[in-house]
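For reference, the chains in residue letters:
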Amino acid sequence: MVNYELFKKLLVLVITITGLLLAIPNIFSEEPVVQISIARSNDKLEDKLQKQVTNILNEANFSFRQKYKNNRLLIYFHDTEEQIRGADIIKAYLGSQYTVVPNLVSSIPDWLQNIGFHAMRLGLDLRGGVHFLLQVDMNTALKKLEDSYEEDIKIRLRKDQIHYINKQLISDYISEHSYGAMQIAFDNKNEKDKAYDLISKNFGQLEIKEYGDLELIVLLGKRLVDEKKKAFLQHNITILRNRVNEIGVSEPIIQREGEDRIIVQLPGIQDINRAKEILGATATLEFRMVEEDIKNNFSKTYKDQHGNSIILKNSSIVTGNSIVDATSGIDQHSNKPAVFISLDDLGAKKIEEITKNNIGKYMAVLFSETKTEKIILNGISQRNVSHIEEIISIAIIRDQLGKDFQITGLRSLREAHDLALLLRAGSLATPVEILEERTVGPTAGRVNILQGVRVSIISIIVVAIFMVARYKKFGLISVFALIINIILLISVLSMLQATLTLPGIAGIILTIGMAVDSNVLIYERIREELKIGVNPNKAIVIGFNRAFNTILDANITTLIAALALFTLGTGPIKGFAVTLSIGIGTSMFTSITLSRMLVDILINVLYSNKKMLKISI
Amino acid sequence: MRNYHDFMKWRRLAINYSFISGIFVMIILYFQGFNLGMDFTGGLAIEAHYNRNVSVNEVRDLLVKNKLSNAQVQHFGTSQDILIKLPPKSSILQEQAILNTKLNTNINEKILEILKNPDITIQTSFLGPQIGAELLEQGSLAIFVAIFGIFIYVMLRFEWKLAVGAVIATIHDIIITAGMISIFNIEFNLTTLAAILAVIGYSVNDTVVVLDRIRENFHKVDNNYAILKIINISINETLSRTITTSFVTLLSMIVLFLFGGQVVNNFAITMIIGIIVGTYSSIYIASSVAVYLGLCKENLYPTN
C-alpha cells in the first residue's frame, strides 16, 4: 500500500517535471534573419563572400550577428525592418547567382532541438504570413483530356476507314457530363458495331453507350475520372511545393483538403504579391520548327514580340516537360537576358536529331500562358480562359544542338528569372482558383501574441485572487495547480506540434475558468462534509472521491462540444478546438491527481504532529 | 437546511417564462436575422493601421472617390486602426480570386494606392462566397452533432428522461443566446459560432453536475420519496458550487472581453451571455422537464 502511494506520487512528479521541461523551448523567440546560399545548390560558400557581405553591412551601419550553418550564411538582424533593408542591400550586391531570403528563425539552441524539444507552432495570426485555400479546376483539365481522346478516336476511325459523322451533343448529356462527351453517327449498324469494338479495344478506360441504332456516345469512364482527379491534385501539390521552395519560406504548409482543394500556408512571408505571382503562373515553353510549306493546313500562325506573323509547325520538338534545369543570366555574346536550359536524355536526343537534319532552317521558341479571367455577364460570374501564345525567339540552326543551350529574347532579367523558375518547377496541371486568402503582417502577429499573453496573465491573477479569498490555503493550492495546468497544456501543444492561434488563446482562457471548476467541486464537497460533522481527514478523502465522477461527466460533455467544433473551418477555429480539448485533459490531471497530492503535502506540513480537528476551507 | 430555497415551486413559472421568451426570441430572429460576419458571407476585409489618428469619413471619402462606394468603413479598436469591408459582390473581388496576378492588379496594392499613405500597414482577409456558405452549413452540423453526442452520453450515464431534460435545456440556451446576439447586433462570425459551441459544452457541464447530485440523492431514499423535494435538495446542495464556478468563468470571460482585443470580442460577449443563461437552465429547465416526464427513483436505480 505504501509503495503504491509512493509510486503514484513519483509518477505525478515525473509527469509534471517532464511537462515543465517540454514547455521551455517556447521561451525562445524567433529572430529575423537573412539566409544567403548559392542559388539552387548546396555548395560551400566562399570565405571571401562572408567578408564581403559583412563589409557592406558594416558600411551601411547595420548591427547584426552572423552564423555559418549547413552551407548557408545567416545574418541575424534586430528587427524585421532592418531585416528587409539588409536583404535588399545584400540582394543588390550579390546578384542572382545567390539566393537571398528573409526568414524568421527560432532561437532555440541546436542541442535542444536535436533531442526533440520544439516550441509550439504559431498560427498565421500570431506569426504573420499568408494563407491560401485553393480550388483546383478539374473541369477544364478533364475537358482537355476528353478533347484529346476525341482527336485520337477520330484518327483511329479514319485509319480503319470507318466513316462517321461527329454530331452536336444533345443537351441531356451536356448537363450530366460537364467535361464533355463525343457523339458519333454511322452509316449503318455494321459500321457502328465495328467502331464499338475498335473503341472498346483501344480505349478501354472510356465509357461507350449506344444511342439509337446508329449512334454511339463516348465519355470518360468514372474510374478514369477519379484517377485523373487524384493525379491532377497530386501533380498540382507537387508543383506548388516546388514553387514554394523557390520562394524560400521556412515551414511552409501545402496539403490537400478534400477532393479538389489545396491549402497553402506561407508563414513569415514578407512579399505577398510576389508569392502569388510565383504560385499562380501557368506559363510554359515549346520548341517548334518554322513551317516552310505554306500550303500545310495544319500549321498555325503565331506572332512574335515585334508583331510579325510567323507560321510554325504543329508538332513540338521539345516541351517544358523535358527541361531538367533552367537558370537565368546574361548571355555573353549578346549581353541580353537569357535562360540557360538543360534537357533530359529523351529531349536531348530529339533536339539532336532535329537539329542535325535541319541545319540552316529556323527554330522558334513558343511561350504560352493560360490566363483565367472572371467576367460578369448578365449578372452571372463566368470564367473566361484565354491562352496567350507568343514567339519569344527565332534562330537559325547553325549546328547540331545538344543537352544544354540557351534562349534569348526575354524582355528583362526579371522575366528571364521567372521563366527559369517556372521551367524548373513545372507547370500546373489545371487552373487554380483562390477560395480563401488571409494575410497577416509580421508586426500584427507579434502584437497579437503580446496581447494574448497579457490577457492570460490577467486572467490567472483575477481567478487567483478569487480562489484564495474563498478557499484560503486550499485556494492557493488550486492556483498553483492551475499554473502547472497551463504549462502542461503548452508542453502538450509543443510536443504534438499543434498550432496555437488567437482563438486558441481564448480557448486557454476558457480552460482557466473551467479548470478551476474541478477544484471548486472538490472543495465545496469537502465543505459540505465538514458541515455535517465528518472529521477533516475523512472529509478530504470523500471530497476528492465523490467529486471524481462528477468531474469526469462534466468534462467529457465539454469535450464532446469541443470535438464537434474540431470539424469546422480551416485554421484559427481548429486551433481553438485543439487547445480546449487538450486543456480539458490537462485540467483533469492537475485538478484531481496533482491537487490531491498537494493537499496531502499541505496537511502533512500543517498538521504533522497535532491532531487535525478543523481546517479552514 | 439553512438557506433552503424551494426552487421547484417556481418551476411552472420558469417553464412558461422560458417558453415565452423562446418564442419571442425566435420571432426576433425571423425578422432581424443575424449580422453575419465575413466568415459566412464571403468578401474582403482590410485592416489598416495608420501612424496617426484617422477619421472614418476621411477613409470613406477616399474609397468613394475611387468607385468603392459600397465599402463599409469603421474603427477597429483604436482610432489609428481602420477596418474596411467589401461585400462579396464587388467587381474588384472578382480579380482577387485569380491566382495569377500578372495582368490583374492585386487588391492590396489597389487599396494602398487609394488610401494614399505609404506609412500604413495593412492586412487582408479574403473569402470566396462558397466557403462562407459551406462554413454556415458545417457550423449548423457541428451544433447538431454536439447536441446529439451529449444526448447519447447523458442517456448512457443517467437515463433518458434526464437526457431529454439536458437537451431541452441546451436548446433553450442556444436559442436565447442566439436571440441576444441578434438583438445586440453582435457580429456573427466563426468565433461567435465557436463561443456558442463552448456555451453548449459549459451549460451541459453545469447541468450534469446538478443531475449527478440528483442521482446520488435518489440513491439514499426509498422509491416514494417526493421527487420535487429531492430535486430541490440537490439543487440547493450544488448551488454554492454552481454560483462559484459560473462566477469564476464569468470573471475570466470579462477579462477576455476587456483586454482580449477585437478578434475575440464577440467570443467573450457570447460566452458571458451563455454562462448566465446556462446557469439558469441548469437549475430550472433540465430537472423540470424530467419531472414533467415523470422521473422517479426506478428510472435511475431499476430494481431487478
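The following refers to the structure shown.

### Some words on the overall build of chain B
Inference 1: Across its full length, chain B holds 12 helices and 6 strands.
Inference 2: Every one of the 304 residues in chain B was classed for burial, and the buried ones make up 58%.
Inference 3: In chain B, the share of contacts with a sequence separation of at least 24, taken over all contacts with a separation of at least 6, comes to 77%.
Inference 4: Element-wise, carbon and sulfur atoms account for 62% of the exposed surface of chain B, whose accessible area totals about 13600 Å².

### A closer look at helix H8 (residues 189-202) of chain A
Residues and elements named next belong to chain A.
Inference 1: Compared with an ideal rise of 1.5 Å per residue, which puts 14 residues at 20 Å, H8 spans 20 Å between its outermost C-alpha atoms and is within 8% of the ideal.
Inference 2: Within the sequence span of H8, burial applies to Glu191, Lys192, Ala195, Leu198 and Ile199. Along the axis of H8, the buried positions cluster into a sector of 130°, meaning they face one direction only. Every exposed residue of H8 that faces more than 90 degrees away from the buried side is listed here: Asn190 and Lys201.
Inference 3: Among the residues of H8, the N-terminal cap falls to Asn188, whose side-chain oxygen and the backbone nitrogen of Asn190 are separated by 3.1 Å.

### Notes on the sheet that holds strand S4 (residues 98-106) of chain A
All names here are of chain A.
Inference 1: Overall, antiparallel pairing links the 4 strands, which are arranged S2-S3-S1-S4 in an open sheet. Edge positions in the sheet fall to strand S2 (65-69) and S4, since each has one partner strand and no second. Ignoring strand direction, the axes of neighbouring strands in this sheet form an average angle of 25°.
Inference 2: Inspection of the sheet shows strand S1 (residues 30-38) paired to S4 by 9 bridges, in the antiparallel sense. Its bridge partner being in S4, Glu30 is matched across the sheet by Ser106.
Inference 3: The strands touched by helix H2 (residues 47-59) are S1, S2, strand S3 (72-76) and S4; relative to S3, the strand with the most contacts, the crossing angle is about 20°.

### Remarks on the pattern of salt bridges
Inference 1: All chains considered together, the criterion is met by 22 salt bridges over all chains.
Inference 2: Among the salt bridges present, the one from Glu207(A) reaches Lys209(A), with a minimum N-O distance of 3.7 Å.
Inference 3: Taking the relative accessible area as the measure of exposure, Glu207(A) reaches 31% and is therefore partly exposed.
Inference 4: A relative accessible area of 28% means that Lys209(A) is categorised as partly exposed.
Inference 5: A salt bridge links Asp212(B) to Arg215(B); the shortest N-O distance between them is 2.9 Å. Pair noted here: Asp212(B) and Arg215(B) are both in helix H8 (residues 190-220), with a separation of 3 residues, about one helical turn. Comparing Asp212(B) with Arg215(B) shows no difference in burial state: the two are buried.
Inference 6: Salt bridges sharing partners connect three or more residues here, namely Arg525(A), Glu529(A), Arg546(A) and Glu216(B).

### Comments concerning the packing of aromatic side chains
All names here are of chain A.
Inference 1: In the structure shown here, the tally under the stated rule is 10 aromatic pairs over all chains.
Inference 2: When the centroid spacing of 5.5 Å and the interplanar angle of 75° are considered together, the rings of Phe62 and Phe77 count as edge-to-face. Taken together, the residues span a long stretch of sequence, with Phe62 in the loop between H2 and S2 and Phe77 in the loop between S3 and helix H3 (80-94) at a distance of 15 residues.
Inference 3: By relative accessible area, Phe77 is classed as buried at 3%.
Inference 4: Aromatic rings pair up to connect Tyr471, Phe474 and Tyr523 into one cluster.
Inference 5: The ring of Tyr76 carries the charged tip of Arg65 above its face, separated from the ring centre by 4.0 Å.

### Here's the deal with the side chain of His172(B)
All names here are of chain B.
Inference 1: Residue placement: His172 occurs in helix H7 (residues 160-183).
Inference 2: Of note is the side chain of His172, whose polar atom sits 3.3 Å from the side chain of Asp173.
Inference 3: Setting aside chain neighbours within four positions, we find His172 in contact with Ser18, Val277, Tyr280, Ser281 and Ile285.

### Details of the interface of chain B and chain A
Inference 1: Of the residues lining the interface, 70 residues belong to chain B; the matching set on chain A comes to 72 residues.
Inference 2: When chain B packs against chain A, close to 6300 Å² is buried across both sides, 62% of that on carbon and sulfur atoms.
Inference 3: Across the chain B-chain A interface, the total number found is 8 salt bridges.
Inference 4: In this structure, the salt-bridge partner of Glu528(A) is Arg213(B), at a minimum N-O distance of 3.0 Å.
Inference 5: Where chain B packs against chain A, one counts 11 residue pairs in polar contact (both at pLDDT 80 or more).
Inference 6: Elements with a contribution of two residues or more to the side of chain B that touches chain A: helix H4 (91-96), helix H5 (107-115), strand S5 (121-127), helix H6 (129-157), H8, helix H9 (227-259) and helix H10 (265-283) of chain B.
Inference 7: Here the side of chain B that touches chain A is composed, by residue class, of 34 nonpolar, 24 polar and 12 charged.
Inference 8: When strand S22 (residues 432-440) of chain A meets S5(B), the two strands line up antiparallel, connected through 3 bridges. Note that in S5(B) the partner of Arg438(A) across the bridge is Ser125(B).

### Remarks on the sheet that holds strand S18 (residues 337-343) of chain A
All names here are of chain A.
Inference 1: Read from one edge of the open sheet, 3 strands run S17-S18-S21, paired in antiparallel fashion. Of all strands in the sheet, those with a lone pairing partner are strand S17 (323-330) and strand S21 (404-407), marking the two edges. Within the sheet, the average angular offset between the axes of one strand and its neighbour, ignoring direction, is 25°.
Inference 2: Where S17 lies against S18, 7 bridges are found, and the strand directions are antiparallel. Paired with Ser328 across the bridge in S18 is Val339.

### Examining helix H3 (residues 56-65) of chain B
All names here are of chain B.
Inference 1: When H3 is considered as a whole, its buried residues turn out to be Val56, Val59, Leu62 and Leu63. With its buried residues spanning 135° around the axis, H3 presents them on a single face. Turned more than 90 degrees from where H3 packs its buried face, Asn57 and Lys65 sit exposed.
Inference 2: In the stretch just after H3, Lys67 is the one whose phi turns positive, near 65°.

### A short note on the nonpolar core
Inference 1: Grouped together as the largest cluster of nonpolar side chains are 88 residues, with contacts concentrated most on Leu510(A), Met253(B), Leu256(B), Phe267(B) and Met271(B).
Inference 2: Per-element accounting of this core gives the leading share, 16 residues, to H8(B).
Inference 3: With residues near it in sequence (within four places) discarded, Met271(B) still touches Leu510(A), Ala195(B), Ala198(B), Val199(B) and Met253(B).
Inference 4: Core analysis: the second largest hydrophobic core is formed by 62 residues, Ala275(A), Val56(B), Val59(B) and Ile114(B) among them.

### A short note on the packing of H6(B) against H7(B)
Residue and element names in this part refer to chain B.
Inference 1: Relative to each other, H6 and H7 sit at 155°, their axes nearing to 8 Å. Classified by the angle between their axes, H6 and H7 sit roughly antiparallel to one another. For H6 against H7, the interelement crossing comes out right-handed. On the side of H6, the interface is formed by Ile143, Ile147, Phe151, Val154 and Met155, while H7 contributes Trp160, Leu162, Ala163, Val164, Ala166, Val167, Ile171 and Ile174.
Inference 2: Its residues assigned to classes, the contact of H6 with H7 shows 13 nonpolar, no polar and no charged.

### So, the packing of H10(B) against helix H11 (residues 285-292) of chain B
Residues and elements named next belong to chain B.
Inference 1: The geometry of H10 relative to H11 is characterised by a closest axis approach of 3 Å and an angle of 30° between their N-to-C directions. Here H10 is positioned roughly parallel relative to H11, judged by the angle of their axes. When H10 is examined against H11, the residues Tyr280, Ser281, Ser282 and Ile283 are found in contact with a partner set consisting of Ile285, Ala286 and Ser287.

Calculation notes
Here the residue numbers are simple positions, counted from 1 along each chain's written sequence. By the order in which they are written, chains take letters starting at A while ligands take numbers starting at 1. Two thresholds apply to this predicted model, a pLDDT of at least 70 for residue-level local features and 80 or more for giving and counting side-chain atom pairs, whereas whole-chain, interface and lining totals are computed over all residues. The side-chain values count all of the structure's non-hydrogen atoms but skip hydrogen atoms and water molecules. Helix numbering and strand numbering both begin at the N terminus, where a helix is a DSSP run of H or I of at least 4 residues and a strand a DSSP run of E of at least 2. Classification of residues uses two cut-offs on accessible area relative to the type maximum, computed with a 1.4 Å probe and protein chains only: under 20% is buried, over 50% is exposed, and between them is partly exposed. Pairs of residues are marked as contacts when any of their non-hydrogen atoms sit within 4.5 Å. Each accessible area is a Shrake-Rupley result for a 1.4 Å probe, and residues are judged covered by the shown protein chains and nothing else. Given the number of residues in a helix, its expected span is that number minus one, multiplied by 1.5 Å. By definition, the arc is the one covered by directions from the helix axis to the C-beta atoms. N or O atoms closer than or at 3.5 Å make up a polar contact, with two conditions inside protein: a donor-capable atom paired with an acceptor-capable one, and, for residues adjacent in sequence, both atoms drawn from side chains. Should DSSP find at least two bridges between two strands, the strands are regarded as paired. The axes used here are C-alpha line fits, helices contributing only the stretch in contact, and every angle between their N-to-C directions lies in the interval 0 to 180 degrees. By definition, a salt bridge exists where a carboxyl oxygen of Asp or Glu is found within 4 Å of a side-chain nitrogen of Lys or Arg. A pair of Phe, Tyr and Trp rings is counted when the ring centres sit within 6.5 Å of each other, with Trp represented by its six-membered ring. The angle between the planes then sorts it: under 30 degrees is stacked, over 60 is edge-to-face, the rest tilted. Charge-over-ring contacts are defined here by two conditions on Lys NZ or Arg CZ: a distance within 6 Å of the ring centre and an angle within 35 degrees of the ring normal. Joining two parts hides part of their accessible area as seen by a 1.4 Å probe, and the buried area is that hidden amount summed over both. Under the scheme applied here, ten amino acids are nonpolar (Ala, Val, Leu, Ile, Met, Phe, Trp, Tyr, Cys and Pro), four are charged (Asp, Glu, Lys and Arg), and all others, including Gly, are polar. Definition of nonpolar core: a set of buried residues of the types Ala, Val, Leu, Ile, Met, Phe, Trp, Tyr and Cys, connected through side-chain atoms within 4.5 Å. Working definition: roughly parallel below 35 degrees, roughly antiparallel above 145 degrees, roughly perpendicular at 65 to 115 degrees, and oblique for all remaining angles. Two helices that cross are described as forming a left-handed crossing if the nearer one is turned anticlockwise from the farther one by less than a right angle, and a right-handed crossing if clockwise.

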